[in-house]
Amino acid sequence: MSTTASAPTLKSKHFLTLGDVSQEELMGLLSFAAHLKDLRKRGEVYAPLQGKSVAMYFEKPSNRTRVSFEVGLNDLGAHPIFLRKEEINLGVRETIADTARTLSRYVDSIIIRTFDQGEVEELAHYATVPVINALTDQYHPCQIVADLLTFKEKFGDFKGKKLCYLGDGNNMAHSLLLGCATVGMSISIGCPPDYIPLPKIVEKAKAIAKETGAEIEVTDRITHAVEGAHAVYTDVWVSMGQESTSSKYDVFQDYQVNKEIMGKADPNAIVLHCLPAHRGEEICGNVFEEHAETIFDQAENRLHGQKAVLAALFKS
Ligand code: CP
């Protein structure tokens, strides 16, 4: 019979961007996620959220995020309530403030996936229960907990390590910048000049990195970005809701993660992908399959990472 470690606490009431999570807090979440993963593999029950209910409002499609949150809530003893856009229609059927205040009377937390980060911030402002960002056009903080957990499982530590992200300076790039900076891992974003991450987020990552010793870089020099990287990360070139901007495929062609690109990375480099993957676009099929074990570890780690976030928010 093993002892269950205590969940870490977070200063922030909500989990919205990762930018307000300290290094100590993030490392605590990663350790606790690894602990919960171990407990689950051994069939041990950890259910501190018995009797709690959690609303999950999704305006965008999802496989990993929805399923891992529902399974995670079930593991923790909580009851997930999935709400479709057709039912809530956030900010249209009634004000966001009224939705937040109503849901807060019923449920113990709100998980939201939508387009506009501003809507998530507004919901959190009026909610009296913790709000968790399950992806917006600007951030995907829950994904980063899984990504860093996967990296830590493979390399043990972040100091002196480098992650290269190739592709659009989108929500994944933003959240990776903040997450890598916080744990002290250097990050190089390789992206076309017209698709750089938001400067305010790069500046925020640089400010965090000053304290943690990470190096932050945004460049269109692809070989330079990937040189010596311990992890090469990519995401689809056209994000959810932007499918009409198909001209991006020409611009991003040179940023594909393939054998040639991987030849510039550290010889033991792993490949990470938040999924879904488009083989032949942002990643070639043979590189994907060569690294599939790690990529699906990363997908599995969504479950353990989010359970750690939920346990921490409910404890704080
Ligand atoms: N990576 C990710 O968020 O996957 P889903 O869109 O399937 O949830």
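See the structure printed just above.
Residues numbered from 1 in each chain as written. Predicted model: local features only at pLDDT ≥ 70, side-chain atom pairs only at ≥ 80, totals over all residues. Heavy atoms only, no water.

Asks: What am I meant to see in empty space enclosed by the protein here?
Replies: Rolled over the atoms, a probe as big as a water molecule pinpoints where empty space is left. Tallied over the entire structure, the rule returns one cavity of 30 Å³ or more. The computed volume of the largest cavity comes to approximately 40 Å³. Residue lining of the largest cavity: Tyr-57, Leu-83, Ile-88, Leu-90, Thr-99, Leu-103, Ile-110 and Leu-123, and that is the complete set. A per-class count over the lining of the largest cavity returns seven nonpolar, one polar and no charged. (1 Å grid on protein atoms, 1.4 Å probe; cavity = no way out; pocket = protein on both sides within 12 Å on 5 of 7 lines; lining within 4 Å. Points joined across faces, edges and corners; volume = space filled by probe spheres on them. Nonpolar A, V, L, I, M, F, W, Y, C, P; charged D, E, K, R; others polar.)

Asks: How should I be thinking about the side chain of Glu-25 in this particular structure?
Replies: Within the secondary structure, Glu-25 is located in helix H1 (residues 23–41). For Glu-25, a relative accessible area of 8% translates into the label buried. A polar side-chain atom of Glu-25 sits 2.6 Å from the main-chain amide nitrogen of Lys-11. Setting aside anything within four residues of it in sequence, one finds Glu-25 in contact with Thr-9, Leu-10, Lys-11 and Asp-20. (Helix = DSSP H or I, 4+ residues; strand = E, 2+ residues; numbered from the N terminus. Buried < 20%, exposed > 50% of the residue type's maximum accessible area, 1.4 Å probe, protein only. Polar contact = N/O pair within 3.5 Å; in protein donor to acceptor, adjacent residues only side chain to side chain. Contact = heavy atoms within 4.5 Å.)

Asks: Would you mind showing me how to read the environment of Lys-264 here?
Replies: Position of Lys-264 relative to the elements: it lies in the loop between helix H11 (259–262) and strand E9 (270–273). In this structure, the C-alpha to C-alpha distance between Lys-264 and Ala-229, residues 35 residues apart in sequence, is 8.0 Å. If near-sequence neighbours (up to four positions away) are discounted, Lys-264 is found in contact with Thr-223, Val-226, Glu-227 and Gly-228.

Asks: Help me out: how do you make sense of the layout of surface pockets in this one?
Replies: When its volume is computed, the largest pocket comes out at roughly 330 Å³. Lining the largest pocket we find 22 residues, and of these Arg-113, Leu-135, Met-240, Leu-275 and Pro-276 sit closest to its centre. Counting residues per element, the ones that place at least two in the lining of the largest pocket are helix H2 (64–76) and helix H7 (171–183). Among the residues making up the lining of the largest pocket, the classes are represented as nine nonpolar, eight polar and five charged. In this structure, the second largest pocket spans a volume of roughly 150 Å³. Split into classes, the residues belonging to the lining of the second largest pocket amount to four nonpolar, seven polar and three charged.

Asks: Looking at this structure, how should I read the site of the ligand?
Replies: The immediate surroundings of the ligand are formed by Ser-62, Asn-63, Arg-64, Thr-65, Arg-113, His-140, Gln-143, Met-240, Cys-274, Leu-275 and Arg-302. A distance of 2.6 Å separates an oxygen atom of the ligand from a polar atom in the side chain of Thr-65. At a separation of 2.8 Å, a nitrogen atom of the ligand approaches a polar backbone atom of Cys-274. Using a 2 Å cut-off from the grid points, one finds that the ligand occupies the largest pocket. Counted by class, the shell around the ligand contains three nonpolar, five polar and three charged residues. (Near = heavy atom within 4 Å. Sits in = over half its atoms within 2 Å of the grid points.)

Asks: Help me understand unusual backbone geometry in this model?
Replies: What you tend to see is this: most non-glycine residues have negative phi, and most peptide bonds are trans. Of note, the bond from Leu-275 into Pro-276 is cis; its omega dihedral lies within 30 degrees of zero at 5°. Secondary-structure assignment places Pro-276 in the loop between E9 and helix H12 (285–290). Even without being glycine, Leu-135 reaches a positive phi, approximately 125°. The residue Leu-135 is located in the loop between strand E4 (131–133) and helix H6 (141–155) in this model.

Asks: Explain the packing of aromatic side chains to me, please; I cannot follow it from the model alone.
Replies: Two aromatic rings are characterised by how far apart their centres lie and by the angle between their planes. For the coordinates displayed, the defined rule picks out ten aromatic pairs. Ring geometry for Tyr-195 versus Phe-252: centroids 4.9 Å apart, planes at 55°, classification tilted. With a gap of 57 residues between them, Tyr-195 in the loop between strand E6 (186–190) and helix H8 (199–212) and Phe-252 in helix H10 (residues 248–252) connect regions that are remote in the sequence. Judged by relative accessible area, Phe-252 falls into the buried class, the value being 0%. (Phe/Tyr/Trp six-rings, centres within 6.5 Å; stacked < 30°, edge-to-face > 60°.)

Asks: What is the right way to read the pattern of salt bridges from this model?
Replies: The full count for this structure, using the stated rule, is 17 salt bridges. Lys-11 serves as the salt-bridge partner of Glu-25, at 3.7 Å between the closest nitrogen and oxygen. Placement of Glu-25 in helix H1 and of Lys-11 in the segment before H1 is noted, with a sequence separation of 14 residues between them. The closest approach of N and O atoms between Lys-307 and Asp-75, which form a salt bridge, is 2.9 Å. (Salt bridge = Lys/Arg side-chain N within 4 Å of Asp/Glu carboxyl O.)

Asks: In this structure, what is going on with the environment of Asp-220? I would like to understand it.
Replies: Residue placement: Asp-220 occurs in the loop between strand E7 (216–219) and helix H9 (222–226). Along the sequence, Asp-220 and Gln-253 sit 33 residues apart, while their C-alpha atoms lie 13 Å from each other. With residues up to four places along the chain from it excluded, the contact list for Asp-220 reads Cys-191, Pro-193 and Tyr-255.

Asks: Sorry if this is basic, but what is going on with the sheet that holds E9 here?
Replies: Across a sheet, paired strands are connected by hydrogen bonds in the backbone, their directions being either parallel or antiparallel. Taking strand neighbours across the sheet as the criterion, the five strands line up as E7-E6-E5-E8-E9 in an open arrangement whose pairing is parallel. Each edge of the open sheet carries a strand with a single partner, namely E7 and E9. Across this sheet, the average inter-strand angle for adjacent strands is 20°, counted without regard to direction. Sheet strands in contact with helix H13 (residues 292–315) are strand E8 (231–234) and E9, and its direction is about 45° off that of E9. (Pairing = 2+ DSSP bridges. Axes fitted to C-alpha atoms, helices over the stretch in contact; angles between N-to-C directions.)

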